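Spelled out, the chains give:
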Amino acid sequence: MLEIKDLHKRYQMGDVTVNALNGVNLTIDQGDFVAIMGPSGSGKSTLMHILGLLDAPTEGSYKVKGQEVSQMREDELAIFRRDVIGFIFQQFNLLPRMDAAENVALPLLYSEKRLDLDKAQGLLEKVGLGTRSHHRPSELSGGQQQRVAIARALVNNPIMILADEPTGNLDSKSEKEILGILQDLNDQGITIVIVTHEEEVGMAAKRLIRMRDGVVQSDIRRVPFTENHLEKQAAESKLSKIPLASVYQHFAQGIKTLAANKVRTVLSVLGILIGVAAVVAMLAIGSGAQAAMEKELSSLGSNLLILRPGAIKSASGVKADAGASSKMTQDDALDIKNNIPNLNNVVSTVSGRCQITYGNKNWSTQIVGTNPAYALMHASVPQSGRFFTAEENLARARLAVIGMTLVRELFGGANPIGSMIKINKVNFQVIGVLPTKGANGFRDQDDAIIVPLNAAMYRLLGKENVDSIEVEVSGAQFIDAAQEQILSRINTRRRIPVSQQDDAYQVRNMADIQNALSSSTKIMSLLLSAIASISLVVGGIGIMNIMLVSVTERTREIGLRKAVGATRGDILIQFLVESIVVSGLGGVCGLALAWVVTTVLTYFANWPADISFASVVLSVVFSGGVGMIFGIYPARKASLLHPIEALRYD
Ligand code: ADP
Ligand code: MG
């Protein structure tokens, strides 16, 4: 079954070449019980590792069941290790975090894609450890640990057991027990190859091989034997099994490993968590700010045009003398109203800062003087009391409509209607309270006071001209035409020279302002999220760092997993699953944190921020991707480890 011809193994140690095996020829038939003896350093372990497909020879031929090993692919070797050979190490090589039953079942993870603990229990009973299946290796004696390792070697029904000094670390009682188990297995037809220092063990074997300096020195058959043909059924069919079926198992294992390193896991989760929370919260706050801005702008009316005088420049580019500056009066407003079609309302406004007093209270604010139609155009119809009328405006009546902030600051929240206040020392009567609009992050919209246009111009501000003329167009489709007509009308009326018409007056369109503002908030929030996503990348690097440490730390574990039949793909998936779990966990926690942050912001700062479905999907995909991308390198590094080198690592 095993056939070795002229096998060499050389180790290069700097300038020195060590010939561990120096031309070994050996054939082992199925069903035999072979003991290998020899002094320390004679190459016994090296030979066993090659026989067990854990190491490759430097030179020579090795055939297992007629197949040349050097021509087998890495995954085929893994399947042979898994299904044909059971290896027992001198150091047991049990995984310390798993209990006895899980250790025994470990190879099943790779052959059957599940940890069949019942089967493990059965085998533990067979080696006399039925009551210890939930003990961890550290809670077992050396002899018991080695029996667990034997049960593990048997779990995939191998046709051959290779044991490298299995009793080397054990007392003589345990040694006898283990020898007994191996003899039983041989009686069932399983081929046994055992390396030993004990003459006693050597004498128990059917064939005794002595080695010295990397060659076979003697080879004696002590007990005659008949070759059997114990066959392994359908070992090859397992090659095609998709690793998908084992993803769940890897997931469960990954969770266990992560749970065993809590602090480290929490820290790497934290990295991703902060990144995801920052991105999601930034997107939410950005869209909230945009919504708030749009709300405010739409309360101004989107069909609103505002005409303002511009700065007239002289030909040389500096400001011309005062006489040439463009002006506007109420007559201009009237002219626009009477001559341009499709207008709902036209009002003139003036504004200026004023000192307002009531009793011993003072408040300084921006005052607006305008026509009554302003209330409709700006959604400012009083919530209590009334607005002034056109007649009152003409009569320069001293009436005022005030916002809630003034009600609070001057009247302490009491009903102000009918009270007399002083605006710049002139008496005015409060006749209405403006509807509450709230603060929106930029300014307090309730800090406002509106008085009749003529009263403001002639009694308070001493202005001859109006500051702006506001026009409400009856439909969005008329905006462009109205804009042009207004400009040409005022330029003609004011006899503005053609060369200066571009600068003399300007019409601003609320829809344009709205678009400009909302696209700038959009850019702002994208920029903020881009900055936030940098922290996601940093979190990803953190994961990579942790995974690399983990690969180094678990080198022996990886070696063992490979020795019991894990393929490259299995190891790759195992580590990838771990990093994806970490980053996925970070993603979910980050979403939760973002939700808390935005909810608190909305509640306390009155800032409407909502987490959009798209940003949830984006962050989950992104964090998963981060785990994947930054996990690939460490996982690949782990999967490429050579089994025996990994096992030797400390
Ligand atoms: P045995 O198991 O019979 O005691 P080994 O097979 O472990 O002997 O070792 C055979 C020879 O190969 C020894 O001289 C040992 O120093 C050398 N050797 C074994 N493994 C390595 C290694 N990884 N690197 C270098 N030399 C090694
Ligand atoms: Mg050895």
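Residues take numbers from 1 onward in each chain, read along the sequence in its written order. Ligands are numbered from 1 and chains lettered from A, in the order in which they are written. Residue-level local features of this predicted model are given only where pLDDT is at least 70; pairs of side-chain atoms are given and counted only at 80 or more, and the full residue set underlies all totals for whole chains, interfaces and linings. To get the side-chain values, all heavy atoms of the structure are used, and hydrogens and water are removed first.

(A) Spatial organisation of the overall build of the protein chain. In terms of regular secondary structure, the protein chain is built from 21 helices and 20 strands. Taken over the C-alpha atoms alone, the protein chain extends approximately 130 × 55 × 45 Å along its principal axes. Sorting the 650 residues of the protein chain into buried and exposed places 49% on the buried side. It only takes one pair of heavy atoms within 4.5 Å for two residues to be counted as in contact. In the protein chain, 76% of the contacts between residues at least 6 apart in sequence involve partners at least 24 apart. Per element, the accessible surface of the protein chain, about 30,000 Å² overall, is 56% carbon and sulfur. Each helix corresponds to a stretch of at least 4 residues labelled H or I by DSSP, and each strand to a stretch of at least 2 residues labelled E; elements are numbered beginning at the N terminus. Each residue gets one of three labels from its accessible area relative to the maximum for its type: buried under 20%, exposed over 50%, partly exposed in between, using a 1.4 Å probe on protein chains only. We get accessible surface area from the Shrake-Rupley algorithm with a probe of 1.4 Å; when it comes to residues, only the shown protein chains can shield them.

(B) Seen up close, the packing of helix α19 (residues 568–605) against helix α20 (residues 613–639). Throughout, an axis means a line fitted to C-alpha atoms (over the contacting stretch in the case of helices), and angles, computed between N-to-C directions, take values from 0 to 180 degrees. Where α19 meets α20, the axes come as close as 7 Å, and the angle between the chain directions of the two elements is 150°. Regarding the angle of α19 to α20, the classification is roughly antiparallel. When you trace α19 past α20, the crossing you get is right-handed. Roughly parallel means an angle under 35 degrees; roughly antiparallel means over 145; roughly perpendicular covers 65 to 115; every other angle is labelled oblique. Rotating anticlockwise by less than a right angle from the far helix to the near helix defines a left-handed crossing, while the corresponding clockwise rotation defines a right-handed one.

(C) Representation of the domain arrangement of the protein chain. Split into domains, the protein chain comes out as domain 1 (2–243), domain 2 (256–295 + 516–648) and domain 3 (327–495). On a C-alpha basis, the centres of domain 1 and domain 2 stand 42 Å from each other. Taken together, the two surfaces of domain 1 and domain 2 that pack against each other cover about 2,000 Å², and 58% of this comes from carbon and sulfur. Once two parts are brought into contact, the accessible area they lose, counted with a 1.4 Å probe and summed over both, makes up the buried area. Its largest share of buried area at the contact with domain 2, domain 1 owes to L54, R97 and Y110, together 29% of the area lost on that side. A pairing counts as a salt bridge when a side-chain nitrogen of Lys or Arg comes within 4 Å of a carboxyl oxygen of Asp or Glu. Our count for the domain 1 to domain 2 interface comes out at 5 salt bridges. Between R568 and E74 there is a salt bridge, with the nearest N and O atoms lying 3.4 Å from each other. Throughout this description, a polar contact denotes any pair of N or O atoms lying within 3.5 Å of each other; where both atoms belong to protein, one of them has to be capable of donating a hydrogen while the other can accept it, and for residues adjacent in sequence the pair is counted only when both atoms sit in side chains. Applying the counting criterion to the domain 1 and domain 2 interface returns 6 residue pairs in polar contact (both at pLDDT 80 or more). If you list the elements that add at least two residues to the side of domain 1 that touches domain 2, you get α2 (74–83) and α3 (100–111). Residue classes follow a fixed rule: Ala, Val, Leu, Ile, Met, Phe, Trp, Tyr, Cys and Pro count as nonpolar, while Asp, Glu, Lys and Arg count as charged, and any other residue, Gly among them, counts as polar. Residue composition of the side of domain 1 that touches domain 2, grouped by class: 11 nonpolar, 2 polar and 9 charged. The start and end points of each domain follow an automatic or database-based domain assignment.

(D) Focus on the sheet that holds strand β10 (residues 215–221). A pair of strands is considered paired only if DSSP assigns at least 2 bridges between the two. Strand order in this open sheet of 6 strands is β6-β7-β8-β3-β9-β10, and the pairing throughout is mixed. Among the strands making up the open sheet, the edge pair consists of β6 (85–88) and β10. Along the sheet, successive strands turn relative to each other by an average axial angle of 15°, direction set aside. Note: strand β3 (residues 33–37) against strand β8 (residues 191–195), 4 bridges, orientation parallel.

(E) Examining a nonpolar patch on the surface more closely. Think of a patch as exposed residues, more than 30% relative accessible area, with no salt bridge, where like charges cluster within 9 Å and nonpolar side chains (Val, Leu, Ile, Met, Phe, Trp, Tyr) cluster within 5 Å. A contiguous nonpolar surface patch, about 750 Å² in accessible area, is contributed by L593, W595, V596, V597, V600, Y603 and F604. Positionally, V600 belongs in helix α19.

(F) Geometry of the packing of aromatic side chains. Between the rings of Phe, Tyr and Trp (Trp by its six-membered ring), a pair exists once the centres lie within 6.5 Å; its type follows the angle of the planes, with under 30 degrees stacked, over 60 edge-to-face, and the other angles tilted. Within this structure, the stated rule accounts for 4 aromatic pairs. Arranged with centres 4.8 Å apart and planes meeting at 35°, the rings of F87 and F89 form a pair that is tilted. Comparing F87 with F89 shows no difference in burial state: the two are buried. Centroid distance Y603 to F604: 4.9 Å. Interplanar angle 85°. Geometry classified as edge-to-face. The burial state of Y603 is the same as that of F604; both residues are exposed.

(G) Just helix α1 (residues 44–51), in detail. With 7 of 8 residues buried, α1 lies mostly within the body of the structure. The complete set of buried residues in α1 reads K44, T46, L47, M48, H49, I50 and L51. L53 occupies a position one or two residues after α1 and carries a positive phi of about 65°.

(H) Up close: the nonpolar core. Grouping buried Ala, Val, Leu, Ile, Met, Phe, Trp, Tyr and Cys residues that are joined through side-chain atoms within 4.5 Å yields what is termed a nonpolar core. Formed by 109 residues in total, the largest nonpolar core has its most connected members in I36, L47, Y62 and L124. Per-element tally for this core: the top contributor is α19, with 9 residues. Setting aside chain neighbours within four positions, we find I36 in contact with K44, L47, M48, V193, I194, V195, T196, I209 and M211. Formed by 42 residues, the second largest nonpolar core is a distinct cluster that contains L305, I336, V350 and V471.

(I) A look at the site of ligand 1. As a structural note, the neighbourhood of ligand 1 is formed by 13 residues, with G41, G43, K44, S45 and T46 the closest of them. Between K44 and ligand 1, the recorded distance is 2.8 Å, taken from a backbone N or O atom to an oxygen atom. Residue T46 places a side-chain N or O atom 2.5 Å away from an oxygen atom belonging to ligand 1. Coverage of ligand 1 by the protein chains reaches 69% of its 550 Å² of free accessible surface. Looking at the shell around ligand 1, its residues break down into 5 nonpolar, 6 polar and 2 charged. Distances are taken per atom, and a residue is near a molecule or strand as soon as one of its heavy atoms is within 4 Å of it.

(J) Up close: the pattern of salt bridges. Within the structure shown, the criterion is met by 27 salt bridges. Across the pair D32 and R221 runs a salt bridge whose closest N-O atoms are separated by 2.6 Å. Of the two residues, D32 is situated in the loop between β2 (16–28) and β3 and R221 in strand β10; the sequence distance between them amounts to 189 residues. Judged by its relative accessible area of 0%, D32 is buried. A salt bridge links E578 to R554; the nearest nitrogen and oxygen atoms lie 2.9 Å apart. Placement of E578 in helix α19 and of R554 in the loop between α17 (510–553) and α18 (555–563) is noted, with a sequence separation of 24 residues between them.

(K) Region of the structure containing α2. Where burial is concerned, most of α2 is hidden: 7 out of the 10 residues are buried. Residues L77, A78, I79, F80, R81, R82 and D83 constitute the buried set of α2.

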